[in-house]
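Examining the three-dimensional arrangement
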Amino acid sequence: MSDRLLSEDFVGRRAELAAFERAIVDARKGLPSMVLVGGDAGIGKTTILSEVAHRADVPLYLGRSTHIGGDAIPLAPLADLLRQIRRRRPELLTDAPDLAPLRTWFSPGSIAVDLSGTPQGGLFVAVLDLIPHLSADDVVVVGFEDLHWADTVTWELFEYLSRNLIDEHVVLVGTYRANEVAARPSQRRQLAELIRLPAARRIHLEGLGRDDVEARVTAMLCGPAPHALVEQVVARGQGNPFFTRELVMAHLAGETIPMVLSDLISEEIAALDSNARQLMGVVATIGRETGHQMLAAVVDLTDVEVEAAARTLIDARLLVVDNDAYRFRHPLLGEVAYADLLPPQRTRFHRAVAAALREQPVDVLSRVDRAGELAFHLDRAGDSEGAFTALLAAADAAETVAPGAAFAHLERAFELWDTVGEHAETQSRSDRLWQAAEVASSTVGNARAVELARAAFEIGPPPLGAAWGHERLGRYLWSTGKLDASRVEFELAADLLSADDGAEAALVFAGLGQAAMMAADHTTAERWSNKALHIVAAAVDNPAAWAMAQRVLGIARSDQGDPDAAVELCVQSVAAANSAHARGLANLYLCVALMDAGRYQSAANAALDAVADGHLTGLDQGFGCYFDSLAAEALVRLGRWPEAAANIARHPADTTLPVGLLRLARAQAMLAARLGETDRALNRLAEACALPIDGWHQFVLDATTADVHLALGNWDKAARAAERGWESAGTTAVLWAARFAMFSVAATVERTLDQIARREPVDVPATVSHLQARIDVVRTAAALGAHDVPRDTAAHLAHATASLTRLTTSNVDAWTIAAGRWADLGDRWATATALLRVAEAAASAGSADRAASSLREAHSIASELRAAPLLAEIDAVSRRTRVSVDAPTRVTIDETSAHNLGLTAREAEVLTLVAAGRTNRQIGDELYVSDKTASVHVSNILRKLGVNSRVDAAAVAQRLGMA
């Protein structure tokens, strides 16, 4: 089984590579090493040797043991090594007298060499003498591969070399399959002896981690790897690089089990006796780790035969014992073993497993797992009636904790419905269709939910009333992007409630509140939500309705300018959620509220936790993209751009939720624009604009458009998007109004400055007046609430106010306030942008020291972010103002120079600070004197030096040789 991979595809193995690197460093010092590399077949033993040699740029010679027909070819690795040497270094085998035994042994037809294993016979000594020739120029890596297949003489040669290396520049490597060596007592003893040698190092290769597998799959696909495929490959391949490659190739070819792996594993199974094969088939049928008691209850063998068969499988390294339970050493073994069973065997085994499950005490398995497992085995056993009943029970058990599994159970039950006769008469098909529609909306997609809901309407009234049914159908249609159709259903639901506002209507009121919020109708959203809460005063009365109404009110509060209150409401909604679906939605609203509150780290943490929860419950396809994108946006704000990019890349655009695609495009476009990737940013923006978007997410789209175009320098497009958003937000959505005001002011100011530079006619006072009025409207609206102006709103207003001063006299203090607001939020890119303007304004005001410190700080942040457009603008300001982004060198004046200039020791100290660009206040702080005292010192220095300015004084200091 080959485990060779191209070096450019190598991933992971950092600790193992580091161990090899240390061995090579030691070998260069004349301290040879012997490294034993163990692991399963396909784990990457050969690959890591190739990578080590490639990275260290040293020669690699590998000799592979050969095993044909059950027999090992004597000294096959040596023959392999010598063939490589003859091709690459032929002079060694022709010119060196001490290597004559190797030439003799390698000669065609030669039988002169004694293979008795006695090194004094000449061959072993010659091989040892060969190594200094190979490593004359640099370290060489010499590997004996697949020692588990090696003959006795090869083992003895490897041991002889390991014991007799003294100061050769070599890393001697032996690779072996751990399971094969473990099954051979003689090889185990030989390995134990080798490990005791002083120069020995041992490396055991385990499977790659998930991130490394994802990187490998991405490389093979030449693009982002779908999350579902990565998870499948991780689960089935267990990080084995060879298995990973074969599974991806099988996926691309439309195969279930890779043919190569199936053939190889089938050969291993075929070598077993009949009892061992039967036991292996039963373990494969059970499909999970299982105890001995369960096996004995299912398999048709005596206790002694079961124990013997289990021992055979364990010795063959097919099964392992883990926590008193049997499991396959690798999941693919189970897949192949199951595929090799005859159909009657499978049916018989599944029937026996189902019977054993029914006999087990209830506490042996969790209710959810047991119900689903029983349904699966009854279905595979051909018991349609029993499977039907079990599937519905399993769906009920899994609905609140694992909706993905619940939906699969329901879909299979629908397939069996018409074949089970009287068993289906006790069930309401309509109710089950609605149940399936609900779980489908958050798992497989809302398109399927729409189909199920409409099919349920054809059968009869919904279980919670017609108003509830129309509200739910409206929600499914909205989630597929069919906004007009969804509005019709919401209106029907509202009309039907006029005479039906009892306790059962609370969920409908809450749902209509959610619909109104998505339409950006805050007033109606609050009205519906408050009606729901009037009926359901506490979460215990109706958790679903209460949690939904709370989170809707939360986002309404946030939009109206109180995101901190919104966070509290959404936290309560999460706590009250009584199902995985409700918890997912509540967490989604919480993440939005946290972002609005400027709590980016908390938003990222909550979103990533929700992603993990979605993986476990089967909600990833419904919510995963939205959560991943929210986390990515938070990371962009925090300046952790590589993490944001990785988060985006792991979730390709295959979500079933259009607004999830919008969030994904937003995060991608914002990051690309800040990095200067113009085409990518515009492409993602175009994709977002093509999506069906509701009123609330139109705010998101307009803000994204303005933000991206502003970052790219497209002032007109940024201004138009900001204007659209401003007109939609009005004064009811204060949070959004502040954002759009900032975008509008920033874009208009830039456009006006361009017009002034081109000497085009422009009414600057009118422009300033118009923009100031917009800022004042938002500031007034924000101040009307009984709460402090939220940090996000304060930052946008501060930036807008500072931006407007650029049309008159750019105000240093205003920009300093804006920079402080952004820094308080943790938005690194916005902070650097504001600091750039601080520097620009300070330079214009003649405050060189303040300009320099701000510009250097902006440059430091932009460099860390690798924000190319911002770095270019910083460079332009640096050249324009002649303020260097490089920190000035602290200078020192020697006593002689100070005396010649007539300076006191303190004045010489002050002059060094003047030359470093310090202000009087900064000098005072550093020397623990008052500003006034520092000013007196500076005045005295200027008088004694005969100069008129601090700049001239600094020039004198530099000429004096300050280093």
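Here is a short report on the structure shown in this document. (Residues numbered from 1 in each chain as written. Predicted model: local features only at pLDDT ≥ 70, side-chain atom pairs only at ≥ 80, totals over all residues. Heavy atoms only, no water.)

**Brief notes about the pairing of strand 5 (residues 140–145)**
Which entries qualify depends on this criterion: Working definition: with a 1.4 Å probe on protein chains only, accessible area under 20% of the residue-type maximum means buried, over 50% means exposed, and in between means partly exposed. In this description a helix means any DSSP run of H or I spanning at least four residues, a strand means any run of E spanning at least two, and both kinds are numbered starting from the N terminus. Paired strands, in this sense, are two strands between which DSSP finds at least two bridges.
For strand 5, the buried fraction is high: six of the six residues fall into the buried class. Where burial is concerned, the two faces of strand 5 agree: the one with Val140, Val142 and Phe144 and the one with Val141, Gly143 and Glu145 are both buried. Strand direction decides the pairing type here: strand 2 (residues 60–64) and strand 5, joined by five bridges, are parallel. Each residue of the ladder has a partner; that of Tyr61, found in strand 5, is Val142. Two elements, strand 5 and strand 6 (residues 170–177), share five bridges in a ladder whose sense is parallel. Directly across from Gly143, in strand 6, lies its bridge partner Val173.

**So, the pairing of strand 1 (residues 33–39)**
With seven of its seven residues buried, strand 1 lies for the most part within the structure. Because side chains alternate across strand 1, one face comprises the buried residues Ser33, Val35, Val37 and Gly39, and the other comprises Met34, Leu36 and Gly38, equally buried. Bridging between strand 1 and strand 7 (residues 200–204) involves five bridges; their strand directions are parallel. In the strand pairing of strand 7, Val35 is matched with Arg201.

**Some remarks on helix 33 (residues 641–649)**
Where we set the bar: Working definition: the arc comes from the directions between the helix axis and the C-beta atoms, pointing outward to the latter. Contacts are assigned to residue pairs that have any heavy atoms within 4.5 Å of one another.
Three or more residues of helix 33 are buried, namely Trp641, Ala644, Asn647 and Ile648. End-on view of helix 33: buried residues confined to an arc of 120 degrees, all on one side of the axis. On the buried face of helix 33, the contacting elements are helix 31 (600–617), helix 32 (620–638), helix 34 (658–675), helix 42 (828–844) and helix 43 (848–865).

**Some remarks on the sheet that holds strand 6**
Basically, it comes down to this: Angles run from 0 to 180 degrees between N-to-C directions of axes, and those axes are lines fitted to C-alpha atoms, restricted for helices to the stretch in contact.
In space, the five strands of this open sheet follow the order 2-5-6-1-7, with parallel pairing throughout. Looking at the sheet topology across the chains shown, the edges are occupied by strand 2 and strand 7. Shown here is a sheet whose adjacent strand axes are inclined to one another by a mean of 20 degrees, direction ignored.

**Considering the layout of surface pockets**
Under the convention used in this document: As defined here, a cavity is a set of points on a 1 Å grid over the protein atoms alone where a 1.4 Å probe fits but cannot get out. A pocket is an open set with protein on both sides within 12 Å along at least five of seven lines, and residues line them when an atom is within 4 Å of a point. Grid points are joined across faces, edges and corners, and a volume is the space filled by probe spheres set on the points. Classification used: nonpolar for Ala, Val, Leu, Ile, Met, Phe, Trp, Tyr, Cys and Pro, charged for Asp, Glu, Lys and Arg, polar for all others including Gly.
Here the largest pocket defines a volume of roughly 980 Å³. Considering the residues around the largest pocket, the lining is formed by 47 residues, among which Glu438, Arg472, Ala544, Ser579 and His581 are closest to the centre. At the level of elements, helix 22 (429–442), helix 24 (466–479), helix 26 (506–518), helix 28 (543–559), helix 30 (580–596), helix 32 and helix 36 (695–712) are the ones that each hand at least two residues to the lining of the largest pocket. Across the lining of the largest pocket, the residue classes break down as 25 nonpolar, 14 polar and eight charged.

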